[in-house]
Amino acid sequence: GQQVMQIPQYQHVQEGEDFTTYCNSSTTLSNIQWYKQRPGGHPVFLIQLVKSGEVKKQKRLTFQFGEAKKNSSLHITATQTTDVGTYFCAGEKDSWGKLQFGAGTQVVVTP
Amino acid sequence: DAGVTQSPTHLIKTRGQQVTLRCSPKSGHDTVSWYQQALGQGPQFIFQYYEEEERQRGNFPDRFSGHQFPNYSSELNVNALLLGDSALYLCASSFAGVQETQYFGPGTRLLVL
């Protein structure tokens, strides 16, 4: 079955540094979504990527969808303490809302 | 405009008991999906309801069942609880259609003793 792998599992970052988290699917996806979950909270939608090779930016966050629609990345520049949390990618294979989540990248920011 | 709401927020049950969790979707949404999130893991898809029918199902046993009401709200029922059912249960709502964004509720934290 479809599997979504996410690396790294943990990311320790100094405030002000950049980092990237990667997401890979074993199958071609119709779209990929990214969520952020703060400790003790619930996943909050960040963005959805649909087109092959698509790149979207939200302030310091840059999201990419691979040409083959099997991988994606999230790049954060100038990390801030507010970026703390776990970032999940979630792939959709058949476009009808069955999201397959990765295990997430837990981000810890050191001031 | 209320977002997705879930009740109760926390619940403690013992093995073998049954539990019912409730979800009200975001205004304008007609599709409800349920996810189970174990500690330190990503959410796992349980099933999805649309037009009061189960439209899709993940790899969960028949102990997990659900229902959707005419007002689009939904219930998740789990029978014969196991210790391994302890998790955060998340409800996500969306508007039916291709590649629609799902919005998650705050979840119900279930502890099975």
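A few points on the structure.

Here is what the cut-offs are and how they apply
Residues numbered from 1 in each chain as written. Chains lettered and ligands numbered in written order. Predicted model: local features only at pLDDT ≥ 70, side-chain atom pairs only at ≥ 80, totals over all residues. Heavy atoms only, no water. 1 Å grid on protein atoms, 1.4 Å probe; cavity = no way out; pocket = protein on both sides within 12 Å on 5 of 7 lines; lining within 4 Å. Points joined across faces, edges and corners; volume = space filled by probe spheres on them. Helix = DSSP H or I, 4+ residues; strand = E, 2+ residues; numbered from the N terminus. Nonpolar A, V, L, I, M, F, W, Y, C, P; charged D, E, K, R; others polar. Buried < 20%, exposed > 50% of the residue type's maximum accessible area, 1.4 Å probe, protein only. Pairing = 2+ DSSP bridges. Contact = heavy atoms within 4.5 Å. Buried area = accessible area lost by both parts, 1.4 Å probe. Salt bridge = Lys/Arg side-chain N within 4 Å of Asp/Glu carboxyl O. Axes fitted to C-alpha atoms, helices over the stretch in contact; angles between N-to-C directions.

## Section: the layout of surface pockets
Consideration 1: Looking at the largest pocket, its volume works out to about 600 Å³.
Consideration 2: Taken together, 31 residues form the lining of the largest pocket, with B:Gln37, B:Ala38, B:Leu39, B:Gly40 and B:Gln41 sitting closest to its centre.
Consideration 3: Secondary structure elements with two or more residues in the lining of the largest pocket: strand E9 (85-92) and strand E11 (105-110) of chain A together with strand E2 (10-13), strand E9 (87-94) and strand E11 (108-112) of chain B.
Consideration 4: Residue contributions to the lining of the largest pocket peak at four residues, all from E11(A).
Consideration 5: When its residues are assigned to classes, the lining of the largest pocket shows 14 nonpolar, 15 polar and two charged.

## Focus on the pairing of strand E5 (residues 44-50) of chain B
All names here are of chain B.
Consideration 1: Across the seven residues of E5, five count as buried, placing the element largely inside the fold.
Consideration 2: Bridge count for strand E4 (residues 31-37) against E5 is six bridges, and the pairing is antiparallel. Within E5, the residue paired with Thr31 across the bridge is Tyr50.
Consideration 3: Here E4 hands over to E5 after six residues, with Gly40 in that stretch at a positive phi of 80 degrees.
Consideration 4: With four bridges connecting them, E5 and strand E6 (residues 53-57) associate as antiparallel partners. Residue pairing across strands places Phe47 opposite Arg57, the latter belonging to E6.
Consideration 5: Counting the residues that bridge the hairpin from E5 to E6 gives two residues, and of these Glu51 lies at a positive phi of roughly 50 degrees.

## Observations regarding the interface of chain A and chain B
Consideration 1: Contacts between the two partners involve 23 residues from chain A, matched on the other side by 25 residues from chain B.
Consideration 2: In this assembly, chain A packs against chain B so that about 1800 Å² is buried in total across both faces, 50% of it on carbon and sulfur atoms.
Consideration 3: When the buried surface of chain A facing chain B is broken down by residue, A:Trp96, A:Lys98 and A:Phe101 rank first, second and third, together holding 30% of it.
Consideration 4: The interface formed by chain A and chain B contains zero salt bridges.

## With respect to the sheet that holds strand E3 (residues 19-25) of chain A
All names here are of chain A.
Consideration 1: The strand order across the open sheet built from five strands is E1-E3-E8-E7-E6, with neighbouring strands paired in antiparallel fashion. The sheet terminates laterally at strand E1 (4-7) and strand E6 (55-58), the two strands that pair on one side only. Each strand of the sheet is rotated relative to its neighbour by a mean of 15 degrees, with strand direction disregarded.
Consideration 2: Judged from the five bridges that link them, strand E7 (residues 61-65) and strand E8 (residues 71-76) form a sheet pairing that is antiparallel. The residue bridging Phe63 from the neighbouring strand is Leu74, located in E8.

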